[in-house]
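# Tertiary structure, described
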Amino acid sequence: MSEYDKMVTRQRKWMLYLLAIFVIGLGFSSYNQVFNGLLLGGVVSFYNLWLLQHKTKALGKAVADTGKVRGGLGTFSRLASTILAVLIALRFNETFHIIAVVFGIISSYIVIGLDISIRLIADKEKRN
């Protein structure tokens, strides 16, 4: 398994753990509106993470095979899914907390940042 595949697996696993925490919070907390928002944003964020990883791998393979860049990283698709989540939260504001949806949407980027930070620290400790 390549280092990229290991990273993808780690990030998806941590996002699934985070989504499980949101579901547990929804089930056992009285803050249903907030956890509904976190869950909606988290699901969209997980989809965006999967799409980004899938498109990155496809783009890398295309460049390695042909030497030319064909296609993109799905920016429009990720933006459209984010806008859809925000519109759902605005339409059903009694069910979803809009700020929680925004925090849920950025959760994959937090996971990516934490994963990179942990890997850099671990690699630095291996060298010392």
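Look a little higher up for the structure.
Calculation rules
Residues numbered from 1 in each chain as written. Predicted model: local features only at pLDDT ≥ 70, side-chain atom pairs only at ≥ 80, totals over all residues. Heavy atoms only, no water. Helix = DSSP H or I, 4+ residues; strand = E, 2+ residues; numbered from the N terminus. Buried < 20%, exposed > 50% of the residue type's maximum accessible area, 1.4 Å probe, protein only. Contact = heavy atoms within 4.5 Å. Areas by Shrake-Rupley, 256 points an atom, 1.4 Å probe, with all protein chains shown as cover. Lys, Arg positive; Asp, Glu negative; His and termini not counted. Charge placed at Lys NZ, Arg CZ, Asp CG, Glu CD. Patch = residues over 30% accessible without salt bridge, like charges linked within 9 Å, V, L, I, M, F, W, Y side chains within 5 Å. Salt bridge = Lys/Arg side-chain N within 4 Å of Asp/Glu carboxyl O.

## A short note on the overall build of the protein chain
Check the secondary structure of the protein chain and you find five helices and zero strands. Going residue by residue from the N terminus, the α and β elements of the protein chain occur as α-α-α-α-α. Once the C-alpha set of the protein chain is aligned to its principal axes, its extents read approximately 50 × 40 × 20 Å. Within the span of the protein chain, comprising 128 residues, buried residues form 30% of the whole. Within the protein chain, residue pairs in contact and separated by at least 24 positions form 68% of the contacts whose partners lie at least 6 positions apart. For the protein chain, the exposed area adds up to about 8,600 Å²; of that, 69% sits on carbon and sulfur atoms. Each charge class in the protein chain can be summarised by its mean position, and for the 15 positive and 7 negative side chains these summaries are 5 Å apart.

## Topic: the side chain of S107
Looking at the element boundaries, S107 is found in helix α5 (residues 107-127). For S107, a relative accessible area of 5% gives the class buried.

## Here's the deal with a nonpolar patch on the surface
A cluster of nonpolar side chains, namely I99, V102, F103, I106, Y109, I110, L114 and I118, defines an oily patch on the protein surface of about 750 Å² accessible area. At the level of elements, α4 (98-105) and α5 are the ones that each hand at least two residues to the nonpolar patch. Top element by residues in the nonpolar patch is α5. It accounts for four residues.

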